[in-house]
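Descriptive structure summary
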Amino acid sequence: MNVSDKVLRARMRLMLLHPHLASSVARLPMIEVEIGSWCETAATDGFNIYWNPAFFEQLNEEEVMGVLAHELLHVVLAHIERRGFRDELLWNIAIDHATNLYLIDQEIVLPLNRLADRHFTRLTAEQIYDALKLSPSLAAMVSN
């Protein structure tokens, strides 16, 4: 199965297995980016999901579903709009922890190279951001 078929299949399975995400999955266009472009893994601008075939090729179908759910939650939870004037890199770290911890609690499989420090369990993205901002050493430790 080629990578585009794997992404399509994972998208359909995500809709069937997690109906609470189905309308978001169906609504957001999936845009394949060129290998070596600005997007090394996956990303969202709140209107589209961008995905890099080189990254997705390395993942199994369950992990692809997890990455798609991750990007969808950024949109559903309005992470882009909620950033405000916060530092972009630190905010991205905080929202990734919040999103991934939620998905893990929902038993959605994610790639192993994810941000999901259990210190932040049940905290909002804003609370995680504040904790990271107050402790640069913590931010460095949990961003790896």
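See the structure shown above.
A short tour of the structure in this document, coming up. All values reported here derive from a predicted model rather than from experimental measurement.

Moving on: the packing of helix α6 (residues 88-105) against helix α7 (residues 125-134). α7 packs onto α6 with a crossing angle of 130 degrees between their chain directions and a minimal axis gap of 8 Å. Looking at the two axes, α6 sits oblique to α7. Relative to α7, the crossing made by α6 is right-handed. On the side of α6, the interface is formed by Leu90, Trp91, Ile93, Ala94, Ile95, His97 and Ala98, while α7 contributes Ala125, Glu126, Ile128, Tyr129, Leu132 and Lys133. Here the residues of the contact of α6 with α7 sort into 10 nonpolar, 1 polar and 2 charged.

Glancing now at the nonpolar core. Judged by nonpolar contacts, the single largest core of 24 residues is most densely connected at Leu14, Phe56, Val64 and Leu68. Elements supplying a minimum of two residues to this core: α1 (3-17), β3 (49-51), α3 (53-57) and α4 (61-76). Tallying contributions element by element places α4 first for this core, with 8 residues. Once residues within four sequence positions are removed from consideration, Val64 is found in contact with Lys6, Val7, Ala10, Phe56 and Leu59. Residues Phe120, Ala125, Ile128 and Leu132 belong to the second largest nonpolar core, which totals 13 residues.

What follows deals with α6. A rise of 1.5 Å per residue sets the reference length of α6, with its 18 residues, at 26 Å; its end C-alpha atoms lie 26 Å apart and thus fit the reference within 8%. Listed as buried for α6 are Leu90, Trp91, Ile93, Ala94, Ile95, His97, Ala98, Thr99, Asn100, Leu101 and Leu103. The distance from a side-chain oxygen at the start of α6 to the backbone nitrogen of Leu89 is 3.3 Å, and the residue carrying that oxygen is Asp87. A positive backbone phi angle near 65 degrees is found at Glu107, which sits one or two residues after α6.

Turning next to the packing of α1 against α4. Orientation of α1 relative to α4, taken along the N-to-C sense of each, is 70 degrees, at an axis distance of 9 Å. Taken together, the axes of α1 and α4 are roughly perpendicular relative to one another. As α1 packs across α4, the resulting crossing turns out to be right-handed. Residues Lys6, Val7, Arg9, Ala10, Arg11, Arg13, Leu14 and Leu17 of α1 form the contact with α4, whose participating residues are Glu61, Glu62, Val64, Met65, Leu68, Ala69 and Leu72. Its residues placed into classes, the contact of α1 with α4 shows 9 nonpolar, no polar and 6 charged.

The subject of this paragraph is the side chain of Thr99. Here Thr99 lies in helix α6. Polar contacts involving the side chain of Thr99 include one to the main-chain carbonyl oxygen of Ile95, which spans 2.8 Å. Discounting residues that sit within four places of it in the chain, Thr99 has contacts with His70, Leu73, His74 and His79.

Conventions adopted
- Once a new chain begins, its residue numbering starts again from 1 and follows that chain's sequence as written.
- In keeping with the model being predicted, local features are shown solely for residues with a pLDDT of at least 70 and side-chain atom pairs are shown and tallied solely at 80 or more, while totals for entire chains, interfaces and linings include all residues.
- As a rule here, side-chain values cover all heavy atoms of the structure and leave hydrogens and water aside.
- Angles here are taken between N-to-C directions and fall from 0 to 180 degrees, while the axes themselves are lines fitted to C-alpha atoms, restricted in helices to the stretch in contact.
- Numbering of helices and strands runs from the N terminus, with a helix taken as a DSSP run of H or I at least four residues long and a strand as a DSSP run of E at least two residues long.
- Comment on the angle field: the value is read as roughly parallel under 35 degrees, roughly antiparallel over 145, roughly perpendicular from 65 to 115, and oblique elsewhere.
- Left-handed describes a crossing whose near helix is turned anticlockwise from the far helix by less than a right angle; the clockwise case is right-handed.
- In this analysis, two residues are considered to be in contact whenever any of their non-hydrogen atoms come within 4.5 Å of each other.
- Under this grouping Gly is polar, as are all residues other than the nonpolar Ala, Val, Leu, Ile, Met, Phe, Trp, Tyr, Cys and Pro and the charged Asp, Glu, Lys and Arg.
- To qualify as a nonpolar core, a set must consist of buried Ala, Val, Leu, Ile, Met, Phe, Trp, Tyr and Cys residues joined through side-chain atoms within 4.5 Å.
- Classification of residues uses two cut-offs on accessible area relative to the type maximum, computed with a 1.4 Å probe and protein chains only: under 20% is buried, over 50% is exposed, and between them is partly exposed.
- Residue count minus one, scaled by 1.5 Å, sets the expected span of a helix.
- Under this definition, polar contacts are N or O atom pairs within 3.5 Å; protein pairs additionally need one hydrogen-donor-capable and one acceptor-capable atom, and for neighbouring residues in sequence, both atoms have to be side-chain atoms.

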